[in-house]
Amino acid sequence: MNKSTFILFLLLFLYSCNNQNQNIPKREQPTKSGLEVQSSSGHFTVALPPDFPVPEADTQHIVSENDSISMFTYISETKRGICFFGSNEYSSRTFARQSANDMLDNAQNAALKQWNGHLTDRKLFERDGAKGMSYWFSTKMDGKDFYGRFDCLLSRPRMYQVGFLSFDKSELYNPDIQHYFSSLSIPLTQVQ
């Protein structure tokens, strides 16, 4: 074997040894979650992303001539964005007057109106027999582009909402924010 053939053989051998390690799957780090928040009403649990503080809680009871709604909301904010989540408890009259799809549409339209947002995407889903919807939107705040995602899930007598808003669109797709959305845990109740 001549010297150049030997060097070529050695280089191919070393190259193949290095490439063998590339086929070994790397262990992915599990997505970390932060503070787990259980609503004061006891009806849901959400795990915030790791760097988000204890949320501010608010409860409102809205009574109209046709209905009453109890709203439980939580807001936690960092420089990355705002985590917004909660539940609305409706009377049986609301469920009798509106379909699940109508209620989801109304929630989306109310949020878009509140944020003066433009809908960019929407997906319907089901979880444990409950109907849900994810929607993404953009808007302007303080002269800058602002992006949001909300998930709504109907499980009678409540609608649960998990949202995230940020000036940085890429934050909506970070693994810890995705984990925050999937962390919503609700009791199994009568589904609409």
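One structure accompanies this document, and this report is about it. Source: prediction; values computed, not measured.

The rules behind the values
Residues numbered from 1 in each chain as written. Predicted model: local features only at pLDDT ≥ 70, side-chain atom pairs only at ≥ 80, totals over all residues. Heavy atoms only, no water. Helix = DSSP H or I, 4+ residues; strand = E, 2+ residues; numbered from the N terminus. Buried < 20%, exposed > 50% of the residue type's maximum accessible area, 1.4 Å probe, protein only. Pairing = 2+ DSSP bridges. Phe/Tyr/Trp six-rings, centres within 6.5 Å; stacked < 30°, edge-to-face > 60°. Lys NZ or Arg CZ within 6 Å of the ring centre and 35° of its normal. Axes fitted to C-alpha atoms, helices over the stretch in contact; angles between N-to-C directions. Contact = heavy atoms within 4.5 Å.

## Comments concerning unusual backbone geometry
- Omega for the peptide link from arginine 156 to proline 157 comes to 15°, which places this bond in the cis form.
- Its place among the elements puts proline 157 in the loop between strand S8 (144–155) and strand S9 (158–166).
- In this structure, asparagine 116 is a non-glycine residue whose phi angle is positive, near 50°.
- Structurally, asparagine 116 can be placed in the loop between helix H3 (100–115) and strand S6 (118–127).
- With a relative accessible area of 65%, asparagine 116 lands in the exposed category.

## Details of the pairing of strand S5 (residues 82–90)
- Of all 9 residues in S5, 7 are buried, a share of seventy percent or more.
- In the sheet, strand S4 (residues 68–77) pairs with S5 via 9 bridges, with the strands oriented antiparallel. For threonine 73, the partnering residue across the bridge sits in S5 and is glycine 86.
- Connecting S4 to the antiparallel partner S5 that follows it, the hairpin turn spans 4 residues.
- Bridging between S5 and S9 involves 8 bridges; their strand directions are antiparallel. In the sheet register, glycine 86 faces S9, and the bridge partner there is glutamine 161.

## Focus on the packing of aromatic side chains
- In total, this model carries 14 aromatic pairs according to the counting rule given.
- A connected cluster of aromatic rings, assembled from ring pairs, spans Phe44, Tyr74, Phe85, Tyr160, Tyr180 and Phe181.
- Lying across the ring of phenylalanine 167, lysine 144 places its NZ or CZ 4.5 Å from the centre.
- Above the face of the phenylalanine 181 ring, arginine 149 is positioned so that its terminal group lies 3.8 Å from the ring centre.

## Here we look at the sheet that holds S8
- Strand order in the open sheet made by the 7 strands is S3-S4-S5-S9-S8-S7-S6, with antiparallel pairing throughout. Edge positions in the sheet fall to strand S3 (56–63) and S6, since each has one partner strand and no second. Between one strand axis and the next, the sheet turns through 15° on average, direction left out of account.
- In the packing of H3 onto the sheet, contacts are made with S5, S6, strand S7 (130–141), S8 and S9, and the angle to S7 comes to roughly 15°.
- Packed onto the sheet, helix H4 (residues 175–182) meets S5, S6, S8 and S9 and runs at close to 170° relative to S9.

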